[in-house]
Amino acid sequence: DMMKEVSGLKDLERKIKSLLDIKDVIVVAGDSDLSPWVKKEMGRACVACMKERLTSQSIVAVTGGTTLAAVAEMMTPELKQIDILFVPARGGLGEDVKNQANTICARMAEKAMGNYRLLHVPDQLSDEAYQSMIEEPAIKEVLDLIRSSNMVIHGIGDAITMAERRKTASEEIEKIKQRRAVAEAFGYYFNQEGEVVHKVKTMGIQLEDVKKVEHVIAVAGGASKAKAIKAYMKQAHHSVLITDEGAARELIRE
Ligand code: G3H
């Protein structure tokens with residue numbers, strides 16, 4: 001659009017798209033590290049993206065985090081026509097309730113006037129408990145819905161920031177540091193090459209599944225996330241990235 005052409009955001013979008021070699025990029029004005037409302041602007045762009053890409057009867061899987069929480073607030077009842085079923089992409093990752101995928105999933109459905117299903121599983125599961133829980137019919141049903149989603153919307157975080165926020169055990173944080181993780185998304189930690197170096201054990205969508213989903217939208221902004229975005233996108237070329245000017249300018253500077 002005209003405004004974006006004038007402000008140079010279109011040019012930034014073109015540059016980031018070719019730099020990261022990904023499907024599509026949307027850059028909103030501002031830096032979410034400095035202004036919290038910028039996350040909501042990314043949310044607005046995300047809703048536009050959903051309307052453009054989804055037809056009727058869609059299953060949308062969402063992750064947790066403060067960005068996705070802001071995205072949820074921007075969902076509008078216009079999405080009702082699409083008839084969306086929202087599901088959490090993965091089980092608990094150790095976040096506070098407000099940042100959990102379940103909470104965000106329910107909020108999105110409420111704002112978009114859609115339906116939702118939740119994944120009621122504890123964050124930390126022993127192998128035995130995990131094996132028996134995935135056999136539970138009620139859980140199995142939600143896991144099947146998650147696996148058949150047509151869209152995944154997720155955040156990207158800085159690895160150490162995320163590990164610390166989730167009160168990860170100190171041995172695990174050590175491992176994440178030693179393996180030089182720089183990015184985190186849906187419980188997976190990536191090094192700067194975009195290789196998985198650690199993973200939180202929980203149910204739901206796995207990285208292999210994400211690669212098969214038709215529409216994947218990553219929403220992440222702020223100059224402090226540039227390194228994480230760059231690393232994560234190395235293995236997510238078919239994703240759409242919604243970011244902000246702060247992250248985009250930092251990505252170009254690097
Ligand atoms: O799941 C968490 C995301 O990877 C990043 O979280 O949006 O709060 O930075 P955030």
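Computed from a predicted model, the values in this text were never measured in an experiment.

Basis of the calculations
- Residues numbered from 1 in each chain as written.
- Predicted model: local features only at pLDDT ≥ 70, side-chain atom pairs only at ≥ 80, totals over all residues.
- Heavy atoms only, no water.
- Helix = DSSP H or I, 4+ residues; strand = E, 2+ residues; numbered from the N terminus.
- Rg over C-alpha atoms; globule rule 2.2 N^0.38 Å.
- Contact = heavy atoms within 4.5 Å.
- Areas by Shrake-Rupley, 256 points an atom, 1.4 Å probe, with all protein chains shown as cover.
- Buried < 20%, exposed > 50% of the residue type's maximum accessible area, 1.4 Å probe, protein only.
- Polar contact = N/O pair within 3.5 Å; in protein donor to acceptor, adjacent residues only side chain to side chain.
- 1 Å grid on protein atoms, 1.4 Å probe; cavity = no way out; pocket = protein on both sides within 12 Å on 5 of 7 lines; lining within 4 Å.
- Points joined across faces, edges and corners; volume = space filled by probe spheres on them.
- Nonpolar A, V, L, I, M, F, W, Y, C, P; charged D, E, K, R; others polar.
- Near = heavy atom within 4 Å.
- Phe/Tyr/Trp six-rings, centres within 6.5 Å; stacked < 30°, edge-to-face > 60°.
- Lys NZ or Arg CZ within 6 Å of the ring centre and 35° of its normal.
- Pairing = 2+ DSSP bridges.
- Axes fitted to C-alpha atoms, helices over the stretch in contact; angles between N-to-C directions.

1. What about the overall build of the protein?
Within the protein one finds 12 helices and 11 strands. Rg of the C-alpha trace for the protein: 17 Å, near the compact-globule value of 18 Å for 254 residues, within the 12% margin. Structurally, the protein occupies a C-alpha span of about 55 × 50 × 30 Å along its principal axes. Intrachain contacts of the protein at a sequence separation of at least 6 include 72% that bridge at least 24 residues. Put simply, the protein shows about 11,800 Å² of open surface, and 52% of that area lies on carbon and sulfur atoms.

2. With respect to the side chain of Glu13
With respect to the helices and strands, the residue Glu13 is situated in helix 2 (residues 9–20). Residue classification places Glu13 among the buried residues on the basis of a relative accessible area of 7%. One polar contact links the side chain of Glu13 to the main-chain amide nitrogen of Val27, over a distance of 2.8 Å. Look past the residues within four positions of Glu13 in its chain and what remains in contact with it is Lys4, Val25, Ile26 and Val27.

3. So, empty space enclosed by the protein
Per the stated rule, a full pass over the model turns up 1 cavity of 30 Å³ or more. Estimated volume of the largest cavity: approximately 40 Å³. Lining the largest cavity are Leu207, Val210, Lys211, Tyr232, Gln235, Ala236, His238 and Ser239. Here the residues of the lining of the largest cavity are counted per class, giving 4 nonpolar, 3 polar and 1 charged.

4. With respect to the environment of Glu73
Structurally, Glu73 can be placed in helix 4 (residues 66–73). The spacing of Glu73 and Met108 is 35 residues in sequence and 7.1 Å in space, taken between C-alpha atoms. Discounting chain neighbours no more than four positions away, the residues touching Glu73 are Lys40, Arg107 and Lys111. Side chain to side chain, Glu73 and Arg107 meet in a polar contact 2.8 Å long.

5. Concerning the site of the ligand
The immediate surroundings of the ligand are formed by Gly64, Gly65, Thr66, Thr67, Gly155, Ile156, Gly157, Met162, Arg165, Arg166, Glu184 and Lys225. A distance of 2.5 Å separates an oxygen atom of the ligand from a polar side-chain atom of Thr66. Arg165 has a polar side-chain atom sitting 2.8 Å from an oxygen atom of the ligand. Protein chains shield 95% of the accessible area of the ligand, which is 300 Å² for the free molecule. The set of elements that each furnish at least two residues to the shell around the ligand consists of helix 4 and helix 8 (159–165). Among the residues making up the shell around the ligand, the classes are represented as 2 nonpolar, 6 polar and 4 charged.

6. Quick look at the packing of aromatic side chains
Under the counting rule described, the total for this entry stands at 4 aromatic pairs. Relative to Tyr232, the ring of Phe186 lies with its centre 6.4 Å away and its plane at 90°, an arrangement referred to as edge-to-face. Linking Phe186 in the loop between strand 7 (181–185) and strand 8 (188–191) with Tyr232 in helix 11 (residues 226–233), this pair joins segments that are 46 residues apart in sequence. By relative accessible area, which is 3% here, Phe186 ends up buried. Taking the centre distance of 5.1 Å and the plane angle of 85° together, the rings of Phe190 and Tyr232 count as edge-to-face. Of this pair, Phe190 sits in strand 8 while Tyr232 sits in helix 11, and the two are 42 residues apart along the sequence. We note that Phe190, like Tyr232, is buried. An aromatic cluster is built from Phe186, Tyr188, Phe190 and Tyr232, whose rings are joined through pairwise contacts. Positioned above the aromatic ring of Tyr130 is the side chain of Lys201, whose terminal nitrogen or guanidinium carbon lies 5.0 Å from the ring centre.

7. A short note on the environment of Lys17
Looking at the element boundaries, Lys17 is found in helix 2. Filtering out sequence-adjacent residues up to four positions away, Lys17 remains in contact with Ile22, Lys23, Asp24 and Val25.

8. What to know about the sheet that holds strand 9 (residues 196–199)
By definition, the strands of a sheet pair up through backbone hydrogen bonds, in either a parallel or an antiparallel sense. Strand order in the open sheet formed by 4 strands is 6-7-8-9, with antiparallel pairing between adjacent strands. Sheet topology places strand 6 (157–158) and strand 9 at the edges, where each strand pairs with a single neighbour. By the bridge criterion, 4 bridges tie strand 7 to strand 8 in an arrangement that is antiparallel. Considered in strand 8, the bridge of Ala183 is made with Phe190. In this fold helix 9 (residues 170–178) packs onto strand 7, strand 8 and strand 9, with an angle of close to 170° to the strand it touches most, strand 9. Across the sheet, helix 11 lies against strand 6, strand 7 and strand 8, angled at about 75° from strand 7, the strand it touches most.

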